[in-house]
Amino acid sequence: MKRALGRRKGLWLRLRKILLCVLGLYIAIPFLIKLCPGIQAKLIFLNFVRVPYFIDLKKPQDQGLNHTCNYYLQPEEDVTVGVWHTVPAVWWKNAQGKDQLWYEDALASSHPIILYLHGNAGTRGGDHRVELYKVLSSLGYHVVTFDYRGWGDSVGTPSERGMTYDALHVFDWIKARSGDNPVYIWGHSLGTGVATNLVRRLCERETPPDALILESPFTNIREEAKSHPFSVIYRYFPGFDWFFLDPITSSGIKFANDENVKHISCPLLILHAEDDPVVPFQLGRKLYSIAAPARSFRDFKVQFVPFHSDLGYRHKYIYKSPELPRILREFLGKSEPKHQH
């Protein structure tokens, strides 16, 4: 009897020790993040997470992209970004064995171009990203995508300013080679923040893209961080904003889609799945409600396309939608200013 009581007491003491450690850690993390805002920046970018791991980004053909060329561009001194350019699928045979010069010249052919800006974590070779390139290529688009500085095999230190500048550099590189072909910008998740930063800048210098597509967008990084599944356990922690959100702002990270859309003048398409567990559907809906009445869009089409939760597209599987080709055809086919209809 005594031995059983002793065992129970020992178990209780061990359990109490574990609970105290967990509680201590729970309380310590907010202070650690407050003292080292760089941690919060790393958690937003997740550029150190390279999934899939064993992939040679110099060989897109290993991912089933047999009509894709790998380039390296230099937006700034000491910064190099790795780029993939996938030509329309109808050119699959022609593209075999061709060099970079052939791919660059191909941008001037009569096919529209999509500049794809990916989200955080992983690389341009991420599975869901590759699947989207294949879908877009099969629909007749060139797809140009790249890893921001600090992602994949791109060299440099991540920052919101740097990511936006990299996107601007790649856009200008495309425009220098694309002739009169339409150039569309597609951002996904964190990439929507880069996309609206970029397009706002392009509109301010009066060189807007032909359309902007935002897949699973948020309103701004503070609202997204507050809604993120990781923040659930701290949402009711006293001083949540001060501990977790202020360090993001003090790191210079805003990704203010809600502010940027008020300065964008080009057609806008927003795609969002109702069952998105990473960027809540209501943030995409809220962004649409800010953009739709904005003066900057008065001459342009603004469309919001929801995907029912029964479809299971969640955060990154909208590319699976059999409706996507029709949605893009109808939207991009009408992406000229409204007053021309």
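Residues numbered from 1 in each chain as written. Predicted model: local features only at pLDDT ≥ 70, side-chain atom pairs only at ≥ 80, totals over all residues. Heavy atoms only, no water.

How we decide: UniProt positions are given in the numbering used here, feature names are shortened, and annotations may be inferred rather than shown by experiment.
As annotated in an unreviewed UniProt entry, the chain carries the name Lysophosphatidylserine lipase ABHD12 and is attributed to Saimiri boliviensis boliviensis. The Subcellular location (unreviewed entry) comment attached to the chain in UniProt states, word for word, "Endoplasmic reticulum membrane". As stated in UniProt under Sequence similarities (unreviewed entry), the record for the chain gives "Belongs to the serine esterase family."

## Let's talk about the overall build of the chain
Test applied: Strands are runs of DSSP state E lasting at least 2 residues, helices are runs of H or I lasting at least 4, and numbering of each runs from the N terminus. Think of it in three bands: residues with accessible area under 20% of the maximum for their type are buried, residues over 50% are exposed, and the middle band is partly exposed, with areas taken using a 1.4 Å probe on protein chains only. Here, two residues are considered to be in contact whenever any of their heavy atoms come within 4.5 Å of each other. What sets the accessible areas is the Shrake-Rupley method with a 1.4 Å probe; for residues, cover comes only from the shown protein chains.
Secondary structure summary: the chain contains 12 helices and 8 strands in total. Looking at the chain as a whole, 50% of its 341 residues are labelled buried. Long-range contacts, defined as pairs at least 24 residues apart, comprise 75% of the intrachain contacts of the chain with a sequence gap of at least 6. With an accessible surface of roughly 16,500 Å², the chain has 57% of that area assigned to carbon and sulfur atoms.

## Examining the sheet that holds strand β2 (residues 79–86)
Let me state the cut-off plainly: Only strands that DSSP links by at least two bridges are regarded as paired with each other. Only the stretch in contact is used when fitting a helix axis, every axis being a line fitted to C-alpha atoms; angles between N-to-C directions are given from 0 to 180 degrees.
The 8 strands are arranged β1-β2-β4-β3-β5-β6-β7-β8 in an open sheet whose pairing can be described as mixed. The sheet is open, and its two borders are formed by β1 (68–76) and β8 (302–307), each paired with just one other strand. Across the sheet, the mean angle separating the axes of adjacent strands is 20° when strand polarity is ignored. Sheet topology note: the strand β3 (residues 113–117)/strand β5 (residues 183–188) ladder contains 5 bridges and is parallel. Within β5, the position partnered with Leu 117 by the bridge is Gly 187. Lying over the sheet, helix α6 (residues 160–175) contacts β1, β2, β3, β4 (142–146) and β5, oriented at roughly 120° with respect to β1. Running over the sheet, helix α7 (residues 190–204) touches β3, β5 and β6 (211–215) and is turned about 145° from β5.

## Regarding the pattern of salt bridges
Applicable threshold: A pairing counts as a salt bridge when a side-chain nitrogen of Lys or Arg comes within 4 Å of a carboxyl oxygen of Asp or Glu.
Scanning the model with the defined rule gives 13 salt bridges in all. Where Asp 153 meets Arg 124, a salt bridge forms, and the shortest distance between an N and an O atom there is 2.8 Å. One end of the pair, Asp 153, is in the loop between β4 and α6; the other, Arg 124, is in the loop between β3 and α5 (127–138), and 29 residues separate them in sequence. Look at Asp 153 and you get partly exposed, because its relative accessible area is 24%. We classify Arg 124 as buried; its relative accessible area is 0%. Where salt bridges share partners, they join Glu 76, Arg 149, Arg 161 and Asp 166 into one cluster.

## Re a nonpolar patch on the surface
Short version of the rule: Distance thresholds for patches are 9 Å for like charges and 5 Å for nonpolar side chains (Val, Leu, Ile, Met, Phe, Trp, Tyr), applied to residues having over 30% relative accessible area and no salt bridge.
Together, Trp 12, Leu 15 and Leu 19 make up a nonpolar patch on the protein surface, roughly 320 Å² of accessible area in all. The residue Trp 12 is located in helix α1 (residues 2–35) in this model. Judged by its relative accessible area of 46%, Trp 12 falls in the partly exposed class.

## A look at the pairing of β3
How we decide: Crossovers are marked right-handed if the path from the first strand over the helix to the second runs clockwise, as seen with the strands pointing away from the viewer.
Most of β3 sits out of view: 5 of its 5 residues are buried. Alternating positions in β3 separate into two faces, Ile 113, Leu 115 and Leu 117 on one and Ile 114 and Tyr 116 on the other, with burial throughout. Read from β3 through α5 to β4, the crossover connection turns out right-handed.

## Section: the packing of aromatic side chains
Threshold: Pairing of aromatic rings covers Phe, Tyr and the six-membered ring of Trp, with a centre-to-centre limit of 6.5 Å; geometry is then stacked below 30 degrees between planes, edge-to-face above 60, and tilted otherwise. Whether a charge sits over a ring depends on NZ of Lys or CZ of Arg being within 6 Å of the ring centre and within 35 degrees of the ring normal.
Enumeration according to the criterion identifies 11 aromatic pairs in this entry. Look at Tyr 148 and Trp 151: their rings are 5.3 Å apart centre to centre, the planes differ by 75°, and that puts the pair in the edge-to-face class. One exposure class covers both Tyr 148 and Trp 151, and it is buried. Through a chain of ring-to-ring contacts, three or more aromatic side chains come together here, namely Trp 91, Trp 102 and Tyr 103. The residue whose ring lies beneath Lys 98 is Trp 102, and the NZ or CZ to ring-centre distance is 5.6 Å.

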